[in-house]
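Inside the fold
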Amino acid sequence: MQLNRVFVLANLFFASAAPSAAAIFAPLGDLPGGSFLSEARDVAGVGLDATVVGLSRSGVGREPFIWDAVEGIRPLFASTTDDFSSATSLSTDASLVVGFGGLTSFWRGFVWDETLGAEQFVGGVPFLISGDGSTIAGTYRDGTTGALNPFHYSAAAGLVGIGDLPGGDDAADPRGISADGSVIVGSGRSPFGFEAFLWTADGGMQGLGDLPGGSFRSWANDVSSDGTTIVGQGASGASSIEAFRWTADGGMQGLGDLSGGGRRSEALGVSGDGSVVGGVGQTEAFLEAFVWDETNGMRSLQDLLVSEGLDLTGWHLQIAIAIADDGETIVGAGLNPDGETEAFLAYLPEPDGPAPLAMCVLLLVAGVRRRSAEWAPR
């Protein structure tokens, strides 16, 4: 197993260095101890200059990790609990990370600062942090009803509930935030059922409806950095769940599905300008990571990487969870050649675009060193 990873990293270096193959595929490994498991949750930066956060199984359970090409995968901080915990979101400069668990319990969150370390977030569970680091969004438990309600937090305003959809109950789940924190998206309960929402300070929480033919089972999972484009999944028929992309001008539009299998897809991440979408689709009996753009539609991420000359023999990329602002750096999770769930980073530059190659040798060396010392998508 150790040798397999060494060869994968060696292949990454030579394929990336070749002038005709600027694409990159980087397995991220896992934390020492426990059975092998890692899942990426968010990414900031470009290619191998990016920073990734997520969860991995270690000797104390599932705990938050941070990864970069220089130091590899490592615990974000020393977890003090053995419950399920994860890093879920980071700022654009990777100096701030939020998540849940790790310090006290699942229902407590943390904020990690690259200088100060991790501190418990009091009042709720933070799932999202804006790109500029000014705003946190998450959920808090109502002391009277016990319901989980969404909140918006800033140093100036403190923790403020953002309400729910008109006519629904007091439950909503925030899943995406714009770069300046002014837009939050997610899913809540309206009189019709589960419905994707858009929240702004001026407009409050507004339902986005569902795809044509659906029955109000829509969820918004992410919003572009500029706050103009929302992605998620909706019901496009009695038995069809379909990825969508929403804009104020175009409304909610279905993105289709990968060929083969049932009509099922979900958009999970979107680029900074809203032009590239990533997520998971279904091909025959398998889940498969996809990328979408308006010119090419929905395509298999693994097929694209292979078409760029990368050898992914034995891999099955199952889910693209987050896309960096550049629209070319994608993280997710898949089954590695040993059949284990492993986080990955993929870089698919525009034609003739420069590949960030400076870190390839460092990634190779760091990967071999980590393996010598000692890794299901949701």
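Going by the structure above, here's the rest.
So, here's what we can say about the structure. What you are looking at is a predicted structure, and each value in this text was computed from that prediction instead of being measured. (Residues numbered from 1 in each chain as written. Predicted model: local features only at pLDDT ≥ 70, side-chain atom pairs only at ≥ 80, totals over all residues. Heavy atoms only, no water.)

**Observations regarding the overall build of the chain**
Broken down by element type, the chain carries three helices and 28 strands. Out of the 378 residues belonging to the chain, those deemed buried represent 57%. With an accessible surface of roughly 15100 Å², the chain has 53% of that area assigned to carbon and sulfur atoms. (Helix = DSSP H or I, 4+ residues; strand = E, 2+ residues; numbered from the N terminus. Buried < 20%, exposed > 50% of the residue type's maximum accessible area, 1.4 Å probe, protein only. Areas by Shrake-Rupley, 256 points an atom, 1.4 Å probe, with all protein chains shown as cover.)

**Some words on the sheet that holds strand β8 (residues 109–113)**
Here we have four strands laid out as an open sheet, ordered β6-β7-β8-β9, and antiparallel in their pairing. Looking at strand neighbours, the two that pair on one side only are β6 (86–90) and β9 (117–121), the edges of this open sheet. Here the strands of the sheet are splayed against their neighbours by 30° on average, with no regard to which way each runs. Bridge count for strand β7 (residues 96–100) against β8 is five bridges, and the pairing is antiparallel. When the bridges of β8 are listed, Phe100 appears paired with Gly109. (Pairing = 2+ DSSP bridges. Axes fitted to C-alpha atoms, helices over the stretch in contact; angles between N-to-C directions.)

**Notes on unusual backbone geometry**
Of note, Ala94 is a non-glycine position whose phi angle comes to about 65°, a positive value. If you trace the backbone, Ala94 turns up in the loop between β6 and β7.

**Description of the environment of Ala94**
Judged by its relative accessible area of 11%, Ala94 is buried. Among all residues touching Ala94, those that are not within four sequence positions of it are Thr51, Trp112 and Glu114. (Contact = heavy atoms within 4.5 Å.)

**Considerations on the sheet that holds strand β28 (residues 341–347)**
As summarised here, the arrangement of the four strands in space is β1-β28-β27-β26, forming an open sheet in which the pairing is antiparallel. Every other strand in the sheet has two partners, leaving β1 (24–27) and β26 (316–323) as the edge strands with one partner each. Shown here is a sheet whose adjacent strand axes are inclined to one another by a mean of 30°, direction ignored. Across four bridges, the pairing between β1 and β28 is antiparallel. Across the sheet, the residue bridging to Pro27 is Phe344, located in β28.

**Quick notes on the side chain of Ser178**
Here Ser178 lies in the loop between β14 (172–177) and β15 (183–190). Among the polar contacts made by the side chain of Ser178, one reaches the side chain of Asp180 at a distance of 3.0 Å. Within the structure, the side chain of Ser178 is placed 3.2 Å from the backbone nitrogen of Ser182, a separation counted as a polar contact. Those residues within four positions of Ser178 in sequence are excluded, and the remaining contacts are Ser130, Gly131, Val183, Val223, Ser224, Ser225 and Gly227. (Polar contact = N/O pair within 3.5 Å; in protein donor to acceptor, adjacent residues only side chain to side chain.)

**Points about the pairing of strand β27 (residues 329–335)**
Of all the seven residues making up β27, six are buried; the element is thus mostly covered by neighbouring parts of the structure. Bridging between β26 and β27 involves six bridges; their strand directions are antiparallel. Residue pairing for β27: Ala322 is matched across the bridge by Val331. Connecting β26 to the next strand, β27, in antiparallel fashion are five residues, including Gly327 with a positive phi near 80°. Alignment of β27 against β28, held across seven bridges, turns out to be antiparallel. If you follow Ala333 over to β28, its bridge partner there is Ala343.

**As for the nonpolar core**
Residues Val43, Leu48, Val52, Phe65, Trp67, Val331 and Leu345 are the most contacted members of the largest nonpolar core, which totals 19 residues. The element contributing the most residues to this core is β28, with three residues. Formed by 18 residues, the second largest nonpolar core is a distinct cluster that contains Val276, Leu301, Leu304 and Ile323. (Core = buried A, V, L, I, M, F, W, Y, C linked by side-chain atoms within 4.5 Å.)

**Regarding the pairing of β15**
Burial analysis of β15 places seven of its eight residues in the buried class, the great majority of the element. Here five bridges tie β14 to β15, and the two strands are oriented antiparallel to one another. Within the sheet, the bridge partner assigned to Ile177 lies in β15 and is Ile184. Counted along the chain from β14 to the antiparallel partner β15, the turn is five residues long, and its residue Gly181 has a positive phi close to 80°. With eight bridges connecting them, β15 and strand β16 (residues 193–200) associate as antiparallel partners. Looking at β16, one finds that Ser187 is bridged to Ala196.

**Description of the pattern of salt bridges**
Inspection of the entire model under this criterion finds five salt bridges. A salt bridge links Asp68 to Arg74; the shortest N-O distance between them is 2.9 Å. For Arg74, a relative accessible area of 21% corresponds to the partly exposed category. Across the pair Asp293 and Arg299 runs a salt bridge whose closest N-O atoms are separated by 3.3 Å. On the basis of relative accessible area, Asp293 is assigned to the buried category, the value being 16%. Residue classification places Arg299 among the partly exposed residues on the basis of a relative accessible area of 28%. Sharing partners across several salt bridges, the network here consists of Asp68, Glu71 and Arg74. (Salt bridge = Lys/Arg side-chain N within 4 Å of Asp/Glu carboxyl O.)

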